[in-house]
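Chain by chain, the residues:
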Amino acid sequence: PLLGTSLAEGPDQCLEVRSPSVGETYWPESDPRLRCGVFRTNDIVEFAQDGSLRVLGRADDVINVAGRKLAPDAVEETLRRHPGVCECLVLGIPSEDTRGDTVVAIIMARTHLVVGDLRKFVQLSHPAWQTPRLWHFVEDLKPNIRGKISRAEWRSRLMSEVPFSLPS
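Residues numbered from 1 in each chain as written. Predicted model: local features only at pLDDT ≥ 70, side-chain atom pairs only at ≥ 80, totals over all residues. Heavy atoms only, no water.

### Things to note about the sheet that holds strand S9 (residues 101-109)
So, point 1. An order of S8-S9-S10 is seen for the three strands of this open sheet, with the pairing classed as mixed. Among the strands making up the open sheet, the edge pair consists of strand S8 (85-94) and strand S10 (134-138). Neighbour to neighbour, the strand axes of the sheet diverge by 25° on average, direction disregarded.
So, point 2. Note: S9 against S10, five bridges, orientation parallel. In the strand pairing of S10, methionine 108 is matched with valine 138.
So, point 3. In this fold helix H1 (residues 72-80) packs onto S8, S9 and S10, with an angle of close to 150° to the strand it touches most, S8. (Pairing = 2+ DSSP bridges. Helix = DSSP H or I, 4+ residues; strand = E, 2+ residues; numbered from the N terminus. Axes fitted to C-alpha atoms, helices over the stretch in contact; angles between N-to-C directions. Contact = heavy atoms within 4.5 Å.)

This is how it looks when you write it as structure tokens:
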């Protein structure tokens, strides 16, 4: 951090930036994340013994699966290790049974992939509840103008389309 700035893990595991330079609000609307010299980010973090910081994901990206919390980055890392996966994105969409979210994988494949094979591959590293239930194959997973692949944009897009592949 910059001189006069400190970083801390908040009670919700999110990063807190503390500094007299932290603004009081965003204009024209106030922001509850900014107050009294503290900016509470949505970044879930972990501090190591040596003081180094590891960003684990974003709080707004966490998927609620029947009350259990899933950081989608972990499943994405696993899927990217599959030789047939070029790029992927994992997100949650509201579940029809109202028990939280349904885990969805959006896959840009190098070759033809079978959903059942991908499920088995994920389950080698993750419990069944963390394995995507719905699969969506795309030609391209391009970043947005900010250079990021937006879960929010893809979630909105999928909620309007919904051509999913169910597990086989």
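### Points about the packing of H1 against helix H2 (residues 115-123)
So, point 1. Running from N to C, H1 and H2 point in directions that differ by 115°, and their axes come no closer than 10 Å. When you trace H1 past H2, the crossing you get is right-handed. Here Val75, Thr78 and Leu79 of H1 come into contact with H2, specifically with Leu118, Phe121 and Val122.
So, point 2. Here the residues of the contact of H1 with H2 are counted per class, giving five nonpolar, one polar and no charged. (Left-handed = near helix turned anticlockwise from the far one by under 90°. Nonpolar A, V, L, I, M, F, W, Y, C, P; charged D, E, K, R; others polar.)

### Examining H2
So, point 1. Those residues of H2 not exposed but buried are Val115, Gly116, Leu118, Arg119 and Val122. Mapping the buried residues of H2 onto a view down its axis gives an arc of 160°, with all of them on the same face.
So, point 2. Those residues of H2 hidden inside the fold are in contact with H1, S8, S9 and S10. (Buried < 20%, exposed > 50% of the residue type's maximum accessible area, 1.4 Å probe, protein only. Arc of directions from axis to C-beta.)

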